Amino acid sequence: MAGKKQKEIKLEELTAEEKIKYEIAEELGLLDRVMADGWRSLSSKETGRIGGLLARRKRSARQK
């Protein structure tokens, strides 16, 4: 990604859904890579795992 500037992530400015996404990445041990190289550095399997867990948490939050 030569020429592209990595924007700084401000955790206090994230939406609730984005915060959950970062929490899941941390639980899976992927947060360091995401912070260093961005979400594009993850494989489709890793991204799908995060998406699946995010959907599950959203569903369970709605049922409460």
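Everything below is about the structure printed above this text.
Below is a short write-up of the structure. (Residues numbered from 1 in each chain as written. Predicted model: local features only at pLDDT ≥ 70, side-chain atom pairs only at ≥ 80, totals over all residues. Heavy atoms only, no water.)

Check the secondary structure of the chain and you find three helices and zero strands. Helices (α) and strands (β) of the chain occur, in sequence order from the N terminus, as α-α-α. A total of 64 residues make up the chain; the buried ones form 20% of that total. A sequence separation of at least 24 residues applies to 49% of the contacts in the chain between residues at least 6 apart. In the form shown here, the chain has an accessible surface area of approximately 5,300 Å², with 50% of it arising from carbon and sulfur atoms. (Helix = DSSP H or I, 4+ residues; strand = E, 2+ residues; numbered from the N terminus. Buried < 20%, exposed > 50% of the residue type's maximum accessible area, 1.4 Å probe, protein only. Contact = heavy atoms within 4.5 Å. Areas by Shrake-Rupley, 256 points an atom, 1.4 Å probe, with all protein chains shown as cover.)

Bringing a positive patch on the surface into the picture now. On the surface, R49, R56, R59 and R62 cluster together into a patch of positive charge. Here R49 is to be found in helix 3 (residues 44-63). In this structure R49 comes out as partly exposed when scored by relative accessible area, which is 45%. (Patch = residues over 30% accessible without salt bridge, like charges linked within 9 Å, V, L, I, M, F, W, Y side chains within 5 Å. Salt bridge = Lys/Arg side-chain N within 4 Å of Asp/Glu carboxyl O. Lys, Arg positive; Asp, Glu negative; His and termini not counted. Charge placed at Lys NZ, Arg CZ, Asp CG, Glu CD.)

In this structure, L14, Y22, I24, A25, L30, L31, V34, L42, I50, L53 and L54 together form the largest nonpolar core, which totals 11 residues. Other than its neighbours up to four places away in sequence, L31 contacts Y22, A25 and E26. (Core = buried A, V, L, I, M, F, W, Y, C linked by side-chain atoms within 4.5 Å.)

Moving on, we come to the pattern of salt bridges. By the definition in use, this model includes three salt bridges. In this structure, E17 engages K58 in a salt bridge whose closest nitrogen and oxygen atoms are separated by 3.1 Å. Residue E17 is located in helix 1 (residues 16-27), and its partner K58 is located in helix 3; the two are separated by 41 residues in the primary sequence. Overall, E17 belongs to the partly exposed group, its relative accessible area being 39%. You can call K58 partly exposed: its relative accessible area is 38%.

Before going further, it helps to examine the packing of helix 1 against helix 3. The interhelical angle for the contact between helix 1 and helix 3, taken along N-to-C directions, is 125°, at an axis separation of 10 Å. Classified by the angle their axes make, helix 1 and helix 3 are oblique. Like other packed secondary-structure pairs, helix 1 and helix 3 cross with a definite hand, here right-handed. Contacts between helix 1 and helix 3 involve E17, I20, K21, E23, I24, A25 and E27 on the former and, on the latter, I50, L53, L54, R57 and K58. Residue composition of the contact of helix 1 with helix 3, by class: six nonpolar, no polar and six charged. (Axes fitted to C-alpha atoms, helices over the stretch in contact; angles between N-to-C directions. Parallel < 35°, antiparallel > 145°, perpendicular 65-115°, else oblique. Left-handed = near helix turned anticlockwise from the far one by under 90°. Nonpolar A, V, L, I, M, F, W, Y, C, P; charged D, E, K, R; others polar.)

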